[in-house]
Amino acid sequence: MGNPDDTQMKLVSGAAGYVLEDVPHFTDYLPDLPSYPNPLQDNPAYSVVKQYFVNVDDTVTQKIVVHKDSPRGVHFRRAGPRQRVYFESDEVHACIVTCGGLCPGLNTLIREIVCGLYHMYGVRKILGIDGGYRGFYAKNTVTLTPKVVSDIHKRGGTILGTSRGGHATSKIVDRIQDRGINQAYIIGGDGTQRGAALIFEEIRQRGLKVAVAGIPKTIDNDIPVIDKSFGFDTAVEEAQRAINAAHVEAESIENGIGLVKLMGRYSGFIGMYATLASRDVDCCLIPESPFYLEGSGGLYEFIEKRLKENGHMVIVVAEGAGQDLLSESLLSMGQQDASGNKLLQDVGLWLSHRIREHFAKKMSINLKYIDPTYMIRAIPSIASDNVYCTLLAHSAVHGAMAGYTGFTVGPVNGRHAYIPFSRINEKQNKVVITDRMWARLLSSTNQPSFLNPRDIAEAKKEEQPATGLLDGENCKDRVNG
């Protein structure tokens, strides 16, 4: 794949340091397209809404914690229905594809895109692409109607199937063109969204009237800019069951240790929130916070101390934690999966062996290791995620109908917005261990920070805002603390 971030971002400047990072629109490269009145104005379901259409100048600020002399900063175009649309209902031929790993909420998104197009805009031609990106050119399609998708939100997984890799830009756009598709809804993680950006670029170069709308997916909550990723609430809720089981096992036997491995390849949000919600966890280990096993202040010392105090303990470890401690001779070091993700060693299994080996020489322990990863990925989404997925789906549909393209959608400080692909792909959202939320966790578990004063000073230096405008990534009191 090429680099989708090479495309120049649309920037609009305004007074007092206002900057709009805008998303592409059909009229950028197809200036003579006609527009039509939005059919929602005649929809009885919305007749009671006082101001349903979004003003063309509405934008959403990325950073809401400011000083009195701060510049207004970066904004994104607000999501929602516009008064004018660039598709007639019977003209639309939409497709939906799901890519990458499973995540609670995928079926809800599929359902709400289909029902949103059908009931709000009168669209009747909607296809599901079978099996991820390669399904565009290697598999059959599935016709989607409200009847077909009516109860799929009650199931886990995705009815369309998924896969990693398989991205071939020209072949995908060829099949989009051959089938007469003019709206593509692409659901997937950062690799999938990079692929969506390439598809959009190829479509723009060919001068096609095809809207490309991305919906970012990651159960780890590691997508930047947006407040939270769908499926995250469900993952934290389901993780409680594993932690509760570990706690019951641990407290039911002398010197019991319950060790739970949770998802979190590069970001420890699931582990952190599940730990804070549970209040039964004695130690939480995440990728962002290095730890060590032996010596003063190490994990072994803390385990021994907690067992002597309480007679049992629960440890939560994110899958990406402690990878630097695992032997470099292990086979998957440096290898990647088809999505470009680094293949990780099973830190939970490794840690359970190391703890057993260490305490075999000192004291009798009973350790139970629980890995609920695939159980969590495969369950249906809970109520809050179902509502969230509905808003994501409707925002994407409104954007595509209004002629926006080459965008991804998500909430920014509580308001849904259209975000350039490049902003989603530029970095990963991570737990800031010098932030208040991590301090709350340390206060809850009373675990050591495993950091020396020099590490803390360096971390604080790196996170220091460069201007009077506080960094929105690290100041989300509503979400991250």
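Since this is a predicted model, take the numbers as computed values, not measurements.

Let us look at the overall build of the protein. Helix and strand counts for the protein stand at 13 helices and 17 strands. Looking at the 481 residues of the protein, the share that counts as buried comes to 55%. Of all intrachain contacts in the protein linking residues separated by at least 6 positions in sequence, the fraction that spans at least 24 positions is 79%. Per element, the accessible surface of the protein, about 20500 Å² overall, is 49% carbon and sulfur.

What follows deals with the nonpolar core. Counting residues in each nonpolar core, the largest one holds 109 residues, and the members touching the most others are I96, I113, Y185, I199, I215, F230 and M272. Of the residues forming this core, the biggest block, nine residues, is contributed by helix α1 (residues 106-121). If near-sequence neighbours (up to four positions away) are discounted, I96 is found in contact with I110, I113, V114, I126, L127, G128, I129, L144, L160, Y185 and I187. One finds I303, L326, I355 and F359 within the second-largest nonpolar core, a separate group that totals 25 residues.

Before going further, it helps to examine the side chain of N43. Relative to the helices and strands, N43 resides in the loop between β3 (36-37) and β4 (59-61). Side-chain polar atoms of N43 contact the backbone nitrogen of A45, separated by 2.9 Å. A polar atom in the side chain of N43 sits 3.3 Å from the backbone oxygen of H119.

Let's shift gears to helix α4 (residues 190-206). Counted at 1.5 Å a residue, the expected span for α4 with its 17 residues is 24 Å, and the 25 Å between its end C-alpha atoms agrees. Counting buried positions over the 17 residues of α4 gives twelve, a clear majority of the element. The set of residues buried in α4 consists of G191, T192, Q193, G195, A196, A197, L198, I199, F200, E201, E202 and I203. Residues of α4 that are buried in the fold lie against α3 (169-179), β10 (183-188), β11 (211-216), β16 (407-412) and α11 (421-425). Immediately beyond the C-terminal end of α4, within one or two residues, lies G207, with a positive phi of roughly 70°.

Next up on the list: the confidence of the model for the protein. Residue-level pLDDT values for the protein average 90, and 88% of them are 70 or greater. Every residue in residues 466-481 scores below 50 in pLDDT, and together they form 46 contacts with partners more than four places removed in sequence or on other chains.

As a further point, take the pattern of salt bridges. In the structure shown here, the tally under the stated rule is 23 salt bridges. Taking the shortest distance from any N to any O, the salt bridge between E309 and R306 comes out at 3.5 Å. On the criterion of helical spacing, the pair formed by E309 and R306 is a turn pair, its members being three residues apart in helix α7 (residues 299-310). Residue classification places E309 among the partly exposed residues on the basis of a relative accessible area of 46%. Owing to a relative accessible area of 7%, R306 belongs among the buried residues under this scheme.

This brings us to the packing of α3 against α4. Packed helix pairs are specified by the crossing angle of their axes together with the interaxial distance, meaning the distance between the axes. At a closest axis distance of 9 Å, the pairing of α3 and α4 adopts a crossing angle of 60°. Of the possible angle classes, the one that applies to α3 and α4 is oblique. The chirality of how α3 crosses α4 is right-handed. Facing α3, whose interface residues are T169, S170, I172, V173, D174, I176 and Q177, α4 presents L198, I199, E202, I203 and R206.

This part takes up the packing of α7 against helix α8 (residues 347-360). Interhelical geometry of α7 versus α8 gives an angle of 65° and a closest axis separation of 11 Å. Taken together, the axis directions place α7 and α8 in an arrangement best described as roughly perpendicular. Here the hand of the crossing between α7 and α8 comes out right-handed. On the side of α7, the interface is formed by L299, Y300, I303 and E304, while α8 contributes L351, R354, I355, H358 and F359. Here the residues of the contact of α7 with α8 are counted per class, giving six nonpolar, one polar and two charged.

Of all five residues in strand β2 (residues 18-22), four are buried; the element is thus mostly enclosed. Linking two consecutive strands that pair antiparallel, namely strand β1 (residues 10-13) and β2, is a turn of four residues; a positive phi of about 60° is found at A16 within it. Here three bridges tie β2 to strand β5 (residues 73-78), and the two strands are oriented parallel to one another. What sits directly across from L20, in β5, is H75.

Read from one edge to the other, the open sheet built from four strands follows the order β13-β14-β12-β15, with strand pairing classed as parallel. The outermost strands of the open sheet, each flanked by one partner alone, are β13 (283-285) and β15 (366-370). Geometrically, the sheet is characterised by an average inter-axis angle of 15° between neighbouring strands, direction not taken into account. As paired elements, strand β12 (residues 256-262) and strand β14 (residues 312-318) share seven bridges and run parallel to each other. Across the sheet, the residue bridging to G256 is H312, located in β14.

With that settled, the discussion passes to the packing of aromatic side chains. Any aromatic ring pair is given by two values, namely how distant the centres are and how the planes are angled relative to each other. If you walk through the whole model with that rule in mind, you get nine aromatic pairs. Residues F26 and F87 carry aromatic rings whose centres are separated by 5.6 Å and whose planes lie at 70° to one another, so their mutual orientation is edge-to-face. Of the two residues, F26 is situated in the loop between β2 and β3 and F87 in the loop between β6 (84-85) and β7 (93-98); the sequence distance between them amounts to 61 residues. Ring-pair connections join several aromatic residues into one group, and the members of that group are F26, Y29 and F87. Over the ring of Y118 we find R124; its NZ or CZ atom is 3.7 Å from the centre of that ring.

Turning our eyes to something else, we now look at unusual backbone geometry. A positive phi is found at A16, a non-glycine position, where the angle reads about 60°. Secondary-structure assignment places A16 in the loop between β1 and β2. Overall, the relative accessible area of 54% leaves A16 in the exposed class. You will see that N413, though not glycine, has its phi angle at about 55°, which is positive. Here N413 is to be found in the loop between β16 and β17 (415-420). A relative accessible area of 19% places N413 in the buried class.

Conventions used here
- Residues numbered from 1 in each chain as written.
- Predicted model: local features only at pLDDT ≥ 70, side-chain atom pairs only at ≥ 80, totals over all residues.
- Heavy atoms only, no water.
- Helix = DSSP H or I, 4+ residues; strand = E, 2+ residues; numbered from the N terminus.
- Buried < 20%, exposed > 50% of the residue type's maximum accessible area, 1.4 Å probe, protein only.
- Contact = heavy atoms within 4.5 Å.
- Areas by Shrake-Rupley, 256 points an atom, 1.4 Å probe, with all protein chains shown as cover.
- Core = buried A, V, L, I, M, F, W, Y, C linked by side-chain atoms within 4.5 Å.
- Polar contact = N/O pair within 3.5 Å; in protein donor to acceptor, adjacent residues only side chain to side chain.
- Expected span 1.5 Å × (residues − 1).
- pLDDT = per-residue confidence, 0-100.
- Salt bridge = Lys/Arg side-chain N within 4 Å of Asp/Glu carboxyl O.
- Axes fitted to C-alpha atoms, helices over the stretch in contact; angles between N-to-C directions.
- Parallel < 35°, antiparallel > 145°, perpendicular 65-115°, else oblique.
- Left-handed = near helix turned anticlockwise from the far one by under 90°.
- Nonpolar A, V, L, I, M, F, W, Y, C, P; charged D, E, K, R; others polar.
- Pairing = 2+ DSSP bridges.
- Phe/Tyr/Trp six-rings, centres within 6.5 Å; stacked < 30°, edge-to-face > 60°.
- Lys NZ or Arg CZ within 6 Å of the ring centre and 35° of its normal.

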